[in-house]
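So you can see what is in the structure, the chains are spelled out below.
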Amino acid sequence: MRLIGIELPGVYVCPIHKELLWTSDVPFRNKPNKHRFFPLNQRCVENGQEVLIPKHLFQSLLFIAEQSYELLNSKFPFKNLENINQFYIAELNVKQYITPSKRIRIQELIPNFLRYFPIGLLKFLNSDFELFDEDTWFHKVLRKSKVTCHPLRHLLLLLFLGLKVPVQLQENNHDVHFFGKAPWPCLNKGSTHYKEFIIKDCIVTSGSKTGKPVGTFTCENCGFSYSRTGPDASEDDKYRIGRIKKFGAVWENRLHELYSSGKHSIRGISSELGVDLKTTKKYLNNKIENISSALNRDQQSILQEKRSRFIVIRKSYPSYSRTELRKSASGLYNWLYKNDNEWFISNLPSAKRGEIQRTMINWEKRDSEYLQLIIRETINLYLEIPLVRVTRTKIYQRLDIQTRFEKKIDKFPKCKGLLQVITETVEEFQIRRIKYFEKQYINNNIHYTVSSLKRAAGIKDFSNQLIRHVILDGISEGVYE
């Protein structure tokens, strides 16, 4: 097999034999006769040369080769770019990179993506980008469903997600479901439809403390409402209640039926209805109080009259908030709040709470993230030819973090300690240059002297005793004098 000279190479390994490919002198483009066939004869094979790649990249490149082969030989049609984009979002949701509002946690995703691959793979495939770049191919694949990207980039994303070219891409529906698809079961133990899948809607919000999705499920048949924190990890989670938000009339009626029968203890009633003792006692006491007050006909009449007045106001001004209702009928509002609190609260509009945005920087986490980037960039600098001196400034410039580190270096104790160890003095860099060129002379069997080694290493001042000692030791241990 031969390589095609494109700007973004990707296949270096034969997916069938799992061997490195060879280059050949067979032209891949022939302008005079584009339909001419060039056979791969013995001369071409003898003049070919095996492609050289770093050994630690082989498995990743083999994956790319196999998936490229799968793409080229797949018979099923891909729907469209938007469908592929939705597929990625759904898979990222499985790995918890999607917020309850269905946004990508890009600040968490990018560092993990860059750290996932062997060092140098992305750069080798001309697909590298920096941590703080804002408009890369990675952003386009995930955010811009109308922009095409080279198939290699899609294969890199599949490799990161632990997936292969999937048949699922043929499907049109890749919506994000934190709690599975509708319907959901009603978990009201006081109803006759307990665990039946009759709830059609799920309201998803973001947990104020955890930031995780919180689903609220309300049964239209009995008024029972509960919530739980997601996303669901298994099918059994559909039967899990995190918090009961409202019991509803059906549950309360069942509670008083059990209590009135005299056959059950408070503990037994609590167990049958799926609540604790305090909750059972609370609702029983409320019911007793309501019954006692209902015995007073005059009071009951007043109660009904005030409820009716309030309902008329609510229907007349359906868009009014709680504050606006209190201002428009303060006397009625306060009376119902004190004397008929449970009914009153249940008939008020939902409370409007402003979202408080707080930006808390996790310096320890950021220190660890920068530490990995500095280690990677230091390795790149030490491997760079021609040789480059490893300094703080050089690392800052490569990572584009100079201003941030100069002002807040004490916020990054791990990075600060590492930089003190890895940076080179002028003398240390000169010694590294001397040893590098000495090794080059020896490996290539080239005669060298003190003067030629000094010139190659760029050593002008020979008065430094340590530098002089390193050069003379190299000459004495080498082949030539």
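Residues numbered from 1 in each chain as written. Predicted model: local features only at pLDDT ≥ 70, side-chain atom pairs only at ≥ 80, totals over all residues. Heavy atoms only, no water.

Quick look at the sheet that holds strand β6 (residues 213-218)
- An order of β5-β6-β7-β8 is seen for the four strands of this open sheet, with the pairing classed as antiparallel. In the strand order of this sheet, the two ends are held by β5 (202-206) and β8 (243-246), each with one partner. For this sheet the average axis-to-axis angle between neighbouring strands, irrespective of direction, equals 25 degrees.
- When β5 meets β6, the two strands line up antiparallel, connected through five bridges. Its bridge partner being in β6, valine 204 is matched across the sheet by glycine 215. (Pairing = 2+ DSSP bridges. Helix = DSSP H or I, 4+ residues; strand = E, 2+ residues; numbered from the N terminus. Axes fitted to C-alpha atoms, helices over the stretch in contact; angles between N-to-C directions.)

Some points on unusual backbone geometry
- Going from isoleucine 385 to proline 386, the amide bond is cis rather than trans, its omega being 0 degrees.
- Residue placement: proline 386 occurs in the loop between α15 (363-383) and α16 (392-399).
- One non-glycine residue, asparagine 126, lies in positive phi territory at about 55 degrees.
- Along the polypeptide, asparagine 126 turns up in the loop between α5 (121-124) and α6 (137-143).

Looking at the packing of aromatic side chains
- Under the criterion given, the structure shown has 31 aromatic pairs.
- Look at phenylalanine 224 and tyrosine 226: their rings are 6.1 Å apart centre to centre, the planes differ by 40 degrees, and that puts the pair in the tilted class. Across the pair, exposure class does not vary: phenylalanine 224 and tyrosine 226 are buried alike.
- For the pair tyrosine 370 and phenylalanine 412, a centre-to-centre distance of 5.4 Å together with 80 degrees between the ring planes defines the contact as edge-to-face. On the criterion of sequence distance, the pair formed by tyrosine 370 in helix α15 and phenylalanine 412 in the loop between α17 (402-408) and α18 (413-422) is long-range, its members being 42 residues apart. Both residues of the pair, tyrosine 370 and phenylalanine 412, count as buried.
- The positively charged end of lysine 195 is found above the aromatic ring belonging to tyrosine 239, 5.3 Å away from the centroid.
- The side chain of arginine 366 reaches across the aromatic face of tryptophan 363, ending 5.7 Å from its centre. (Phe/Tyr/Trp six-rings, centres within 6.5 Å; stacked < 30°, edge-to-face > 60°. Buried < 20%, exposed > 50% of the residue type's maximum accessible area, 1.4 Å probe, protein only. Lys NZ or Arg CZ within 6 Å of the ring centre and 35° of its normal.)

A look at the packing of α16 against α18
- Direction vectors running N to C along α16 and α18 enclose 125 degrees, while the axes themselves pass 10 Å from each other. Considered as vectors, α16 and α18 are oriented oblique to each other. Where α16 abuts α18, its residues Arg392, Ile395 and Tyr396 lie against Lys416, Leu419, Gln420 and Ile422.
- Per-class residue counts for the contact of α16 with α18 are four nonpolar, one polar and two charged. (Parallel < 35°, antiparallel > 145°, perpendicular 65-115°, else oblique. Contact = heavy atoms within 4.5 Å. Nonpolar A, V, L, I, M, F, W, Y, C, P; charged D, E, K, R; others polar.)

Observations regarding the pattern of salt bridges
- Following the criterion strictly, the structure yields 11 salt bridges and no others.
- The closest approach of N and O atoms between arginine 307 and aspartate 340, which form a salt bridge, is 2.5 Å. Separated by 33 residues along the polypeptide, arginine 307 in helix α11 (residues 297-316) and aspartate 340 in the loop between α13 (330-339) and α14 (341-346) bring together distant segments of the chain.
- A residue is classified by how much of its surface remains accessible, and aspartate 340, at 8% relative accessible area, is buried.
- Taken together, the shared-partner salt bridges in this structure form one network comprising Arg254, Glu257 and Glu272. (Salt bridge = Lys/Arg side-chain N within 4 Å of Asp/Glu carboxyl O.)

Concerning the environment of leucine 332
- As for its position among the elements, leucine 332 is in helix α13.
- For leucine 332, a relative accessible area of 5% corresponds to the buried category.

Topic: the pairing of β6
- Here β6 lies mainly inside the structure; five of its six residues are buried.
- Counted between consecutive antiparallel strands, the loop separating β5 from β6 contains six residues, among which glycine 211 sits at a positive phi close to 80 degrees.
- Joining the antiparallel neighbours β6 and strand β7 (residues 225-229) is a turn of six residues, in which glycine 223 adopts a positive phi near 80 degrees.

Here's the deal with the confidence of the model for the chain
- Per-residue confidence for the chain averages 81 on the pLDDT scale, and 83% of its residues sit at or above 70.
- For the stretch residues 1-8, pLDDT sits under 50, and the model shows 24 contacts to residues farther than four places along the chain or on other chains. (pLDDT = per-residue confidence, 0-100.)

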